[in-house]
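# Structural overview
Each chain is listed here by its residues.
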2 protein chains.
Amino acid sequence: MSELVRVAVDAMGGDNAPGEILRGAVDALKANADLDLTLVGKEEVIRAELAKYEGVPEDRCHVLNATEVIEMAEPPVAAITKKRDSSIVKGMKLVHDGTCDAFFTAGSSGATLVGGQIIVGRIKGIERPPFAPVMPTQKGPCLLLDCGANVDPKPSMLVQFAQMGSIYMERIIGVKNPRVALYNIGAEEDKGNALAKETYPLLKALPDINFIGNIESRDIPFGAADVVVCDAFTGNAILKMYEGTAKMLLGEVKGAIMRTTVSKIGGLLIKNSLKSTMQKFNIKTYGGAPLLGLTGLVVKAHGNAKAIEVQHALEQCIQWKHEDINGAFKARMHLVDRTKTKQDAQ
Amino acid sequence: MSELVRVAVDAMGGDNAPGEILRGAVDALKANADLDLTLVGKEEVIRAELAKYEGVPEDRCHVLNATEVIEMAEPPVAAITKKRDSSIVKGMKLVHDGTCDAFFTAGSSGATLVGGQIIVGRIKGIERPPFAPVMPTQKGPCLLLDCGANVDPKPSMLVQFAQMGSIYMERIIGVKNPRVALYNIGAEEDKGNALAKETYPLLKALPDINFIGNIESRDIPFGAADVVVCDAFTGNAILKMYEGTAKMLLGEVKGAIMRTTVSKIGGLLIKNSLKSTMQKFNIKTYGGAPLLGLTGLVVKAHGNAKAIEVQHALEQCIQWKHEDINGAFKARMHLVDRTKTKQDAQ
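What comes next concerns the included structure. (Residues numbered from 1 in each chain as written. Chains lettered and ligands numbered in written order. Predicted model: local features only at pLDDT ≥ 70, side-chain atom pairs only at ≥ 80, totals over all residues. Heavy atoms only, no water.)

The helix and strand tally for chain A stands at 12 helices and 11 strands. Taken over C-alpha atoms, the radius of gyration comes to 21 Å for chain A, in line with the 20 Å a tight globule of 346 residues would show. Evaluated residue by residue, chain A yields a buried proportion of 58% over its 346 residues. Across chain A, every contact between residues at least 6 apart in sequence was considered, and the portion connecting residues at least 24 apart equals 73%. Carbon and sulfur atoms make up 52% of the accessible area of chain A, which totals about 14200 Å². Distance between charge centroids for chain A: 3 Å, based on 41 positive and 40 negative side chains. (Helix = DSSP H or I, 4+ residues; strand = E, 2+ residues; numbered from the N terminus. Rg over C-alpha atoms; globule rule 2.2 N^0.38 Å. Buried < 20%, exposed > 50% of the residue type's maximum accessible area, 1.4 Å probe, protein only. Contact = heavy atoms within 4.5 Å. Areas by Shrake-Rupley, 256 points an atom, 1.4 Å probe, with all protein chains shown as cover. Lys, Arg positive; Asp, Glu negative; His and termini not counted. Charge placed at Lys NZ, Arg CZ, Asp CG, Glu CD.)

In this section: the relation of the copies chain A and chain B. Its rotation angle being 180°, the transformation that places chain A on chain B also includes 0.0 Å of axial translation and leaves an RMSD of 0.0 Å. The relationship between the two copies is best expressed as a two-fold rotation axis. In terms of C-alpha distance to the rotation axis, chain A has Gly266(A) as its closest residue, with the C-alpha 1.9 Å off the axis. Most of the interface of chain A is mirrored in chain B, where 100% of its interface residues again form contacts. (Least-squares fit on C-alpha atoms with pLDDT ≥ 70 in both.)

Let us look at the packing of helix H6 (residues 155–173) of chain B against helix H11 (residues 325–332) of chain B. All names here are of chain B. The contact between H6 and H11 brings their axes to 10 Å, and the two run at 135°. Compared by their axis directions, H6 and H11 come out oblique. Both H6 and H11 take part in a crossing whose hand is right-handed. Within the contact between the two elements, H6 uses Gln163, Met164, Ser166, Ile167, Glu170, Arg171 and Ile172 and H11 uses Ile325, Ala328, Phe329 and Arg332. Of the residues that constitute the contact of H6 with H11, the class distribution is six nonpolar, two polar and three charged. (Axes fitted to C-alpha atoms, helices over the stretch in contact; angles between N-to-C directions. Parallel < 35°, antiparallel > 145°, perpendicular 65-115°, else oblique. Left-handed = near helix turned anticlockwise from the far one by under 90°. Nonpolar A, V, L, I, M, F, W, Y, C, P; charged D, E, K, R; others polar.)

Listed as interface residues are 54 residues of chain A and, on the opposing side, 54 residues of chain B. Interface area, chain A with chain B, both sides summed: about 4800 Å², of which 69% is carbon and sulfur. Here chain A and chain B share six salt bridges between them. Glu252(A) is paired through a salt bridge with Lys280(B); the nearest N and O atoms lie 3.1 Å apart. Every element with two or more residues in the side of chain A that touches chain B is listed here: helix H7 (194–205), helix H8 (232–257) and helix H9 (261–278) of chain A. The dominant element in the side of chain A that touches chain B, judged by the number of residues it contributes, is H8(A), at 21 residues. In terms of residue class, the side of chain A that touches chain B is built from 29 nonpolar, 15 polar and 10 charged. (Buried area = accessible area lost by both parts, 1.4 Å probe. Salt bridge = Lys/Arg side-chain N within 4 Å of Asp/Glu carboxyl O.)

Here the focus is the packing of aromatic side chains. The final tally for this structure, using the stated rule, is eight aromatic pairs over all chains. A ring pair is formed by Trp320(A) and Phe329(A), whose centres lie 6.1 Å apart and whose planes are at 85°; its orientation type is edge-to-face. Accessibility expressed as a relative area gives 7% for Trp320(A), which makes it buried. Judged by its relative accessible area of 0%, Phe329(A) is buried. Summarising the aromatic geometry, the rings of Tyr200(B) and Phe211(B) are spaced 5.2 Å apart at their centres and angled 75° between planes, so their arrangement reads as edge-to-face. Of this pair, Tyr200(B) sits in helix H7 (residues 194–205) while Phe211(B) sits in strand E8 (residues 210–215); the two residues are 11 residues apart in sequence, bridging distant segments of the chain. Summarising the burial analysis for this pair, Tyr200(B) and Phe211(B) share the class buried. (Phe/Tyr/Trp six-rings, centres within 6.5 Å; stacked < 30°, edge-to-face > 60°.)

Moving on, we come to the pairing of strand E1 (residues 5–10) of chain B. Remark: a regular strand shows side chains that alternate across the two faces of the sheet. Residues and elements named next belong to chain B. Of all six residues making up E1, five are buried, and the element is well covered by its neighbours. Where E1 meets strand E2 (residues 35–41), six bridges bridge the pair, whose relative direction is parallel. By the bridge assignment, Val7 is partnered in E2 with Leu37. One crossover worth recording links E1 to the parallel E2 by way of helix H1 (residues 19–31), and it is right-handed. (Pairing = 2+ DSSP bridges. Right-handed = clockwise from strand over helix to strand, strands pointing away.)

Residues and elements named next belong to chain B. Pairing analysis gives five bridges linking strand E7 (residues 179–183) to E8, with the strands arranged parallel. By the bridge assignment for E8, Arg179 is matched with Asn210. The parallel pair E7 and E8 is bridged by H7, and the resulting crossover is right-handed.

We now examine the pattern of salt bridges. Scanning all chains against the criterion turns up 26 salt bridges over all chains. The partner of Asp85(A) in a salt bridge is Lys90(A), and the shortest N-O contact between them spans 3.0 Å. The partner of Glu216(B) in a salt bridge is Arg218(B), with the nearest N and O atoms 3.9 Å apart. Here Glu216(B) falls in the buried class, since its relative accessible area comes to 18%.

Let us now look at the environment of Leu144(B). The residue Leu144(B) is located in strand E6 (residues 141–145) in this model. When the C-alpha positions of Leu144(B) and Glu188(B) are compared, they lie 21 Å apart, and in sequence the two are 44 residues distant.

This next bit is on the nonpolar core. Within the largest apolar cluster, 243 residues are counted, with the highest numbers of intra-cluster contacts made by Val7(A), Phe104(A), Leu314(A), Val7(B), Phe104(B) and Leu314(B). Per-element tally for this core: the top contributor is H8(A), with 13 residues. The two domains that each donate at least three residues to this core are domain 1 (1–126 + 293–346) and domain 2 (134–283) of chain B. If sequence neighbours within four positions are ignored, Val7(B) has contacts with Leu35(B), Asp36(B), Leu37(B), Thr38(B), Cys100(B), Ala102(B), Phe103(B), Phe104(B), Leu314(B) and Cys317(B). (Core = buried A, V, L, I, M, F, W, Y, C linked by side-chain atoms within 4.5 Å. Domains from an automatic or database assignment.)

Note that every value here comes from positions in space, so none of it alone points to a role or purpose.
Structure follows, in C-alpha cells:
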C-alpha cells in the first residue's frame with residue numbers, strides 16, 4: 001500500500017455541516033485505504049455524527065476538538081487572528097506543522113483565503129496564492145484563476161497563475177497540454193488594460209505552457225480554453241456571472257415548463273434528455289477549488305456541498321500528493337527560495 | 001409638430017447592411033413625422049435599396065455619398081484617421097458640425113468608440129465617454145457602463161458614468177429613481193481593488209443618484225440593480241459572459257429537446273410558454289447602446305441588428321433630443337467648461 005495521505009477536515013464549515021461533511025469523509029475513508037483523516041471541530045458533535053455509521057476505519061479517522069466556528073459572514077482577517085480555537089485555524093495549523101498534507105473546508109471563503117496565506121503559508125518563491133475554481137463548460141472543465149483575493153496583481157503573479165494552473169489541469173484534471181489563455185477585451189496582443197498589456201508578452205515568452213493568446217469572456221462557456229488567467233476582480237465577475245446567469249436562465253426555463261398543463265407534459269417528455277445534457281455541467285465531480293501555491297494543499301468546496309463533493313475533494317487531495325504537485329510547481333517554475341539562497345551565500 | 005430630429009445613419013455598417021438598416025430607416029421615417037434622416041454610404045447602393053420601398057418621405061430622407069466602408073476587423077484608430085470618406089467618419093462629422101443631432105451605426109464598435117471621441121467630441125467637463133449597453137434581466141433592463149474602451153479609468157470617471165447612466169435610465173428607458181450599484185467582489189464598503197475602494201465613498205456622497213452600494217455579478221442577471229458601473233475591462237467581462245452563457249445554455253437546452261422523438265414532442269409542447277418567457281430578454285426593444293457624454297448622441301446597434309432594432313434605435317434618438325439628455329447631464333452634473341472659465345477669468 002502506498003504512503004498515507006493525511007487530510008485535516010473542517011467538520012463545522014458549510015451549510016450542510018456537520019452531517020454531509022462527515023458522511024463524505026466516512027465514504028472517502030471507506031473507498032480509499034491510503035486516506036487518513038483528522039476531523040476538526042466540536043468533538044462531541046463529531047463523535048455523535050460518526051456513531052451513525054458502521055465500519056468507520058478508526059485507525060485512519062481522528063478527531064481534533066475545536067470549540068469555535070468561523071461563520072460565513074465574519075470579517076476574515078479578524079476571524080482568523082482571533083478565533084484561535086476554530087476548526088479552520090486548527091485544521092490549517094496541522095498542515096503548517098506538517099501533521100497533515102492537506103486541509104479541506106466548505107466554510108468561509110474569505111477565512112480560507114486569509115488562513116491559507118497566514119497560517120499554512122506560501123511556497124517560497126510564489127508571490128501570491130490564487131484561488132482556482134473549475135468551471136464546467138460545453139467542452140469540458142476550465143480552470144479560472146484568480147477568483148480569490150488578488151484584485152490588483154502584478155504581471156509576474158499572473159505568469160505564476162498560468163504556470164500553476166497549467167500543471168494543475170494536466171496532473172489533477174487530466175487535460176493534456178492545456179490551452180492557457182489571458183482574459184482580455186479582444187484578441188489582439190495590444191488590447192486591454194495596463195495589466196493585460198504587460199502580461200501578454202510574458203506569457204507568450206513562457207516555454208513550458210501552451211499559451212493560446214487572449215480570450216474574450218463570451219468564448220469561455222463554450223470551452224475555448226482550459227485555463228484562463230486574470231486578476232481576481234475580473235475573475236470573480238466572470239465566475240459569478242456564469243453562476244448567476246445559469247441559475248437565472250434555468251430557473252426561467254423551469255418556470256416556463258411549469259406554467260401550463262400542456263407545458264408541464266412537455267417538460268416531462270424532455271426531462272431525461274435535458275438531465276443527461278446538463279450532467280456535463282455538474283461540478284460535483286471536481287469536489288472543490290484549490291488554493292494554489294501554498295506549502296500544503298487547501299481545498300475549498302461550495303458552501304452547499306453535499307457528501308459526494310466532500311468525497312471527491314478528499315480524493316483530489318490523494319491525487320495531489322501522489323502527483324507531487326508542489327514538487328512539480330517548484331521544478332517547472334524554477335522557484336528560488338531567496339531566503340535560503342541568501343543564507344547559503346553567507 | 002415638434003422640431004425635426006436629424007439623425008445620420010451609417011447605411012453600410014453591420015452584418016445586414018444595407019438591406020435591414022435601410023428597411024429600419026424607412027419604417028422609422030414613416031412612423032415618426034418628426035424624424036429626418038441622412039443616409040450615409042455608397043449613394044448608388046442606397047438609392048437602389050430605397051427604390052424598393054413605396055411612400056418614402058423624400059423631404060425627410062437625404063443621401064450623403066461615402067465611398068469607403070470601415071470593416072469590423074480593422075484597427076479602429078487607423079480606420080478613423082485614414083478612411084476620411086467612410087460612412088462612419090462622414091456621418092459623425094454631421095453630428096460634430098451640428099447638421100445632425102445623432103449618429104446611428106451597426107458597424108465596427110472600435111471605430112464607433114474612437115470616432116465618437118475624435119470626431120464628435122466630448123461634452124466639455126466629461127472626462128471619458130462610456131459605452132452603455134442595456135442588459136435584459138429577470139426584472140427588467142439594466143444599464144452596464146462602461147463596456148467600451150475605458151479599461152483603466154479613474155474614480156472620478158466612474159462617478160460620471162453613474163450620473164449619466166442614472167439620467168439615461170430615468171429619461172430614456174423610463175425607470176423611476178434607478179438603483180445604481182458599483183460592481184465589486186463583495187457587498188462590504190471596503191472590498192475590491194483600488195479603483196472600487198476609492199470610488200465607493202464618492203458614489204455614496206453623491207446627492208442626486210440612488211446609490212445602493214456594491215453588487216456582485218451573480219446578482220446582475222436577477223435584476224438587482226438598474227445601473228451598474230465599473231471599468232470597461234470588467235464591464236466587457238460581465239456583458240460578454242452574459243451573452244456567451246445564455247447562448248451556450250439555450251443551445252444546450254435546444255440540443256436536449258432535439259435529441260429524441262419523445263423530447264422533440266416535449267419541445268413542441270413547451271414552445272409557446274418558453275417563447276413568451278424569453279420575450280422579456282429580447283433586447284431588440286432597446287435598439288442600440290449609447291455612447292454617453294458626447295456633444296451629440298451616438299448609438300451603436302449589434303452587428304447583426306435587424307430592421308426593428310434600427311427603427312427602435314432611431315426612435316431612441318428622437319426621445320434623446322426631446323428629453324434634452326445632454327442638457328440634463330450638464331445641469332445635474334454641474335459640468336464646468338474649464339477652458340471657458342479660464343478665459344472668462346482672464
